[in-house]
Amino acid sequence: MLCENRLRTANQAGDSRPGAVMLNLDRPRRFWLDLEALQEIKGITGQDPLSASFFGDGFKLENFIVFLWVGLRADDPGLTMRQAAQFCRPAGIAALLSALRAARACGASTGQN
């Protein structure tokens, strides 16, 4: 089901990337960020994706789409930002936010982005 998100560890998904999570979107997709990806997000949005305001008071849907797009390219390098935006349907945005906040917190706390 679109945007019904369940987190699985990267090892369960057969991925050696620490901190990766699986998101059930149009199909199970791996979401993963490293330092280079975080820098790319900051370059595009002008905001630090690890700052409290990125998902808090300064939340912007456009920035969220960039965050999602960059993280999903680990699984699908040909994914476009427009395709990533299609996963952000109103009914599923809360579930996606919750899953990505959990992934962000896990990576930030272990230093494995």
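That block above? That's the structure.
Residues numbered from 1 in each chain as written. Predicted model: local features only at pLDDT ≥ 70, side-chain atom pairs only at ≥ 80, totals over all residues. Heavy atoms only, no water.

**A look at the overall build of the protein chain**
The condition is simple: Counting from the N terminus, the helices are the DSSP runs of H or I reaching at least four residues and the strands are the DSSP runs of E reaching at least two. The classification of residues rests on relative accessible area computed with a 1.4 Å probe and restricted to protein chains. Under 20% of the type maximum is buried, over 50% is exposed, and intermediate values are partly exposed. Contacts: residue pairs with any heavy atoms within 4.5 Å of one another. Using a 1.4 Å probe, the Shrake-Rupley method yields the accessible areas, and only the shown protein chains count as cover for residues.
When helices and strands are counted, the protein chain shows five helices and two strands. When the helices and strands of the protein chain are read in sequence order from the N terminus, they spell out β-β-α-α-α-α-α. The buried share of the protein chain, reckoned over its 113 residues, is 40%. Here the analysis covers contacts within the protein chain between residues at least 6 apart in sequence; of these, 51% occur between residues at least 24 apart. When the accessible surface of the protein chain is split by element, carbon and sulfur atoms take 53% of a total near 6,100 Å².

**A look at the pairing of strand β1 (residues 21–24)**
Sheet faces and side chains relate simply in a regular strand, where the side chains alternate between the two faces. Which entries qualify depends on this criterion: Only strands joined by at least two bridges in the DSSP assignment are considered to pair.
What you see with β1 is no split at all: Val21 and Leu23 on one side and Met22 and Asn24 on the other are buried throughout. Pairing of β1 with strand β2 (residues 28–31) involves four bridges; the strand directions are antiparallel. Bridge pairing in β2 links Val21 to Phe31. Between β1 and the antiparallel strand that follows it, β2, lie three residues.

**Brief notes about the nonpolar core**
Defined as follows: Within this scheme, the nonpolar core is defined by two criteria: the residues are buried Ala, Val, Leu, Ile, Met, Phe, Trp, Tyr or Cys, and they are joined through side-chain atoms within 4.5 Å.
Counting residues in hydrophobic clusters, the biggest one holds 25 residues, and the most contacted among them are Leu23, Phe31, Leu33, Leu68, Leu72 and Leu96. Looking at this core, the elements that each hand over two or more residues are β1, α1 (35–45), α2 (52–55), α3 (61–72) and α5 (93–110). Non-local contacts of Leu72, meaning those with residues more than four positions away in its chain, are made with Leu23, Leu25, Arg29, Arg30, Phe31, Leu79 and Phe87.

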